[in-house]
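Coordinate inspection notes
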Amino acid sequence: MSSFGYRTLTVALFTLICCPGSDEKVFEVHVRPKKLAVEPKGSLEVNCSTTCNQPEVGGLETSLDKILLDEQAQWKHYLVSNISHDTVLQCHFTCSGKQESMNSNVSVYQPPRQVILTLQPTLVAVGKSFTIECRVPTVEPLDSLTLFLFRGNETLHYETFGKAAP
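Computed from a predicted structure; not experimentally measured. (Residues numbered from 1 in each chain as written. Predicted model: local features only at pLDDT ≥ 70, side-chain atom pairs only at ≥ 80, totals over all residues. Heavy atoms only, no water.)

Describing the overall build of the protein chain
Looking only at helices and strands, the protein chain features one helix and 12 strands. Listed N to C, the secondary structure of the protein chain is α-β-β-β-β-β-β-β-β-β-β-β-β in terms of helices and strands. The 166 residues of the protein chain split such that 22% are buried. Put simply, 47% of the contacts in the protein chain that link residues at least 6 apart link residues at least 24 apart. Within the structure as shown, the protein chain displays about 12000 Å² of accessible surface, and the carbon and sulfur contribution to it stands at 54%. (Helix = DSSP H or I, 4+ residues; strand = E, 2+ residues; numbered from the N terminus. Buried < 20%, exposed > 50% of the residue type's maximum accessible area, 1.4 Å probe, protein only. Contact = heavy atoms within 4.5 Å. Areas by Shrake-Rupley, 256 points an atom, 1.4 Å probe, with all protein chains shown as cover.)

Dropping the structure here:
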């Protein structure tokens, strides 16, 4: 092969390896865990990482309180605290001038601590109609609450609730 042909092949191969197309991702960003749930005012640990060998910069974007616990070139480990509302965390890294990011949704939940049943009338006679009122205070998110009313193993009624109007 002539030196011209060899040089052309070398340049073409170098271009394919080092300079992928502009629509291709050169590296990836990951956030762990992907789905997060926490009780109000709670804390959680988040790990941001990248497949880029030498990232120029990286981090976690959030309006919440965060502390960098540990880091290496390809990952950063954070403690996010005082979480009081649903939010999105964004991990990002820049590699060779190109920035990539990945989001993670954080859901705040309040499990039911108390279920209150009230009978109307308070004295129930066999064969007579009565009403059972069920209240579950301070539960979030309400659209994740499902209540079941059983008689033995038989389901008498169930209801899944949506978010209340503001």
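Moving on from the coordinates now.
Examining the state of the cysteines
According to the stated counting rule, one finds two disulfides in the structure shown. Disulfide partner of Cys52: Cys95, at an S-S distance of 2.0 Å. For the disulfide bridge between Cys52 and Cys95, the dihedral angle about the S-S bond is near 70°, and by the sign convention the bridge is right-handed. Note that Cys52 is positioned in the loop between strand 3 (42-50) and strand 4 (57-61) and Cys95 in strand 7 (residues 87-95), a separation of 43 residues in sequence. With relative accessibility at 3%, the residue Cys52 sits in the buried group. Accessibility expressed as a relative area gives 10% for Cys95, which makes it buried. Taken in N- to C-terminal order, the disulfide-linked cysteines of the protein chain are connected 1-3, 2-4. (Disulfide = S-S within 2.5 Å.)

Re the sheet that holds strand 6 (residues 75-83)
On the basis of which strands lie adjacent, the open sheet formed by four strands has the order 1-3-6-5 and antiparallel pairing. If you trace the sheet from one side to the other, it starts and ends with strand 1 (29-32) and strand 5 (65-72), each paired once. Each neighbouring strand pair of the sheet contributes to a mean axis angle of 20°, computed without reference to strand direction. (Pairing = 2+ DSSP bridges. Axes fitted to C-alpha atoms, helices over the stretch in contact; angles between N-to-C directions.)

Topic: the confidence of the model for the protein chain
Of the residues in the protein chain, 82% reach a pLDDT of 70 or more, and the chain-wide mean stands at 83. Counting contacts from residues 8-18, a segment whose pLDDT is below 50, to residues more than four positions away or on other chains yields two contacts. (pLDDT = per-residue confidence, 0-100.)

Quick word on unusual backbone geometry
With an omega of -10°, the peptide bond running from Arg32 to Pro33 counts as cis. Tracing the chain through its elements places Pro33 in the loop between strand 1 and strand 2 (35-38). The residue after Gln120, namely Pro121, is reached through a cis peptide bond having omega -5°. Along the chain, Pro121 falls in the loop between strand 9 (116-120) and strand 10 (131-135). One non-glycine residue, Lys41, adopts positive backbone phi at about 70°. Structurally, the position occupied by Lys41 is in the loop between strand 2 and strand 3. Residue classification places Lys41 among the exposed positions, given a relative accessible area of 56%.

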